[in-house]
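Given next are the chains, with one letter for each unit.
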Amino acid sequence: MSKIIGTGSYLPKNIVTNKDLEKVVDTTDEWILSRTGIRERAFATDENTGDLAYMASLKAIEDAGIAPEDIGYIILGTITPQSLLGSTACYVQAKLGAVNATCFDINAACTGFVYGLEIAEGLLTISDRKYALVIGAEVLSKIVDFTDRTTCVLFGDGAGAAILEKGDGIRSVVTGADGTKITALHSGEFKVRNFLTGNQVSDHYIIMEGREVFKFAVRVLPKALSEAVQKAGMKMTDLDHVIPHQANLRIIDAAAAKMELPREKFYVNLDRVGNTSAASIPIALDEMNRKGLLKKGDKIGLVGFGGGLTYGAAVIEW
Ligand code: ACO
């Protein structure tokens with residue numbers, strides 16, 4: 001068992017509004033806002049995924065009141081790592097000086113933070129280490145096709161982080177995946193490419209069947225959260241707050257209606273942040289924490305879905 005004792009988040013400085021995107025693709029502010037709820041997002045220019053993750057982690061460490069050397073694990077969810085070889089978690093470790101940490105990245109797309117919580121929870125339970133740093137960090141603009149108006153308006157860059165301490169707080173975590181739907185949201189295959197096959201240059205951009213993803217999200221969000229709530233021995237109405245993955249306001253509205261929970265319990269920041277994949281839930285959690293919206297003892301449902309297709313939910317007690 002573990003509990004969250006500190007949070008942090010970081011967004012790059014460059015704000016890109018829907019109006020800015022009107023200059024790049026055939027779209028309008030009105031279309032983006034009415035179909036998604038997004039008004040603006042931040043794009044990195046001179047900072048990469050590990051840099052955003054580092055900034056969010058520094059804040060989480062400060063909030064938790066621990067030292068970098070106290071951290072036993074750094075688990076970083078991302079689909080846009082700094083590099084394929086050499087994990088972004090190791091990059092963050094070096095910048096933090098978290099010399100006692102075991103470090104690795106996980107790829108569960110937008111569910112990366114919830115998967116990370118489950119892994120950290122398991123590791124803290126079986127080891128003698130006391131703290132884990134769980135991060136979601138993305139520079140999605142690296143893999144966005146800016147000629148594809150159906151995807152490029154959706155995503156933003158950012159990072160969120162949380163420090164977990166061994167102890168009571170995370171009441172339950174439920175995760176899963178449906179790999180048969182992998183092509184609904186993917187970035188193409190790395191083709192086998194060597195001197196036997198001849199050269200092939202492959203670009204990797206987000207490719208999405210929007211409606212398929214939409215239907216999956218509206219089905220799995222209520223299912224995952226109600227399973228996590230049951231596992232925690234609670235009822236849905238016991239939840240004080242829900243932090244859904246910030247993909248699309250219409251998905252959040254439809255899922256909230258299915259869960260029969262008041263819409264006011266759902267925290268939303270996608271109008272300012274866009275869809276930041278693995279970073280979305282921890283950025284929202286940190287915003288709530290810093291705004292003083294979370295009271296000791298509050299029960300919070302975290303619930304996400306993403307490429308894979310993956311899904312997951314957690315119930316935490318603040
Ligand atoms: N601007 C203007 N028009 C557009 C744009 C745009 N940016 N994008 C699409 N359109 C057009 C389409 O070309 C289409 O035109 P047509 O009717 O002439 O063919 C029309 O708008 C409707 O397109 P749809 O795809 O049917 O639009 P829909 O109402 O389904 O909304 C959306 C699309 C917003 C992508 C929706 O399907 C959705 O939110 N899906 C879920 C996406 C999501 O959450 N993805 C992230 C997953 S998380 C992760 O792991 C990264």
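Remember, predicted model here, so these are calculated numbers, not experimental data. (Residues numbered from 1 in each chain as written. Predicted model: local features only at pLDDT ≥ 70, side-chain atom pairs only at ≥ 80, totals over all residues.)

Colleague: So, the pairing of strand β13 (residues 310–317): which residues are in play, and what are the values?
Modeller: Taking burial as the measure, the eight residues of β13 include seven buried ones, the bulk of the element. Examined bridge by bridge, strand β8 (residues 170–177) and β13 share seven bridges and lie antiparallel to one another. By the bridge assignment for β13, Ile170 is matched with Ile316. One ladder, built from eight bridges, connects strand β12 (residues 299–306) with β13; its direction is antiparallel. Counterpart to Gly304 in the pairing with β13 is Gly312. Counting the residues between successive antiparallel strands, the hairpin from β12 to β13 contains three residues, one of them, Gly308, with a positive phi of roughly 145°. (Buried ≥ 20, exposed ≤ 12 C-beta atoms within 10 Å, placed from the backbone. Helix = DSSP H or I, 4+ residues; strand = E, 2+ residues; numbered from the N terminus. Pairing = 2+ DSSP bridges.)

Colleague: Residue-level account of the UniProt feature "domain: Beta-ketoacyl-[acyl-carrier-protein] synthase III N-terminal" (unreviewed entry) in the chain, with values.
Modeller: Summarizing the sequence annotation, UniProt attributes the feature "domain: Beta-ketoacyl-[acyl-carrier-protein] synthase III N-terminal" (unreviewed entry) to residues 104–179 in the numbering used throughout. Here residues 104–179 is 25% helix and 39% strand, with 22 Å between the C-alpha atoms at its ends. (UniProt positions renumbered as here; feature names shortened; annotations may be inferred.)

Colleague: Can you lay out the site of the ligand for me, pointing to particular residues and giving the numbers?
Modeller: The full set close to the ligand counts 24 residues, and Thr27, Ala109, Gly210, Ala247 and Gly306 are the nearest of them. Where the shell around the ligand is concerned, the elements lending two or more residues are α2 (29–36), α6 (149–152) and α7 (210–231). Of the residues that constitute the shell around the ligand, the class distribution is twelve nonpolar, nine polar and three charged. (Near = placed C-beta within 6 Å. Nonpolar A, V, L, I, M, F, W, Y, C, P; charged D, E, K, R; others polar.)

Colleague: Talk me through the environment of Gly301; I want residue IDs and the actual numbers.
Modeller: Secondary-structure assignment places Gly301 in strand β12. Along the sequence, Gly301 and Ser226 sit 75 residues apart, while their C-alpha atoms lie 9.5 Å from each other. For Gly301, the residues in contact, after removing those within four places along its chain, are Leu225, Ala228, Val229, Leu239, Val242, Ala313 and Val315. (Contact = placed C-beta atoms within 7 Å.)

Colleague: Give a detailed account of the packing of helix α3 (residues 49–64) against helix α4 (residues 88–96), specifying residues and quantitative values.
Modeller: α4 packs onto α3 with a crossing angle of 50° between their chain directions and a minimal axis gap of 9 Å. By the angle class used here, α3 and α4 are oblique. Two packed elements cross with a definite hand, and for α3 against α4 that hand is right-handed. Within the contact between the two elements, α3 uses Thr49, Gly50, Ala53, Tyr54 and Ser57 and α4 uses Thr88, Tyr91, Val92, Lys95 and Leu96. (Axes fitted to C-alpha atoms, helices over the stretch in contact; angles between N-to-C directions. Parallel < 35°, antiparallel > 145°, perpendicular 65-115°, else oblique. Left-handed = near helix turned anticlockwise from the far one by under 90°.)

Colleague: So what about the UniProt feature "active site" (unreviewed entry) in the chain? Which residues, and what values?
Modeller: UniProt feature "active site" (unreviewed entry): in the numbering of this structure it lies at Cys110, His245 and Asn275. Separation in sequence by 166 residues is not matched in space for these annotated residues, since their most distant C-alpha atoms are only 8.7 Å apart. Inspection of the secondary structure puts Cys110 in the loop between β5 (102–106) and α5 (112–126). Looking at Cys110, the number of C-beta atoms within 10 Å reads 32, which means it is buried.

Colleague: So what about the pairing of β5? Which residues, and what values?
Modeller: For strand β4 (residues 71–77) and β5, the ladder comprises five bridges, and the chain directions are parallel. Along β5, the bridge assignment pairs Leu76 with Asp105.

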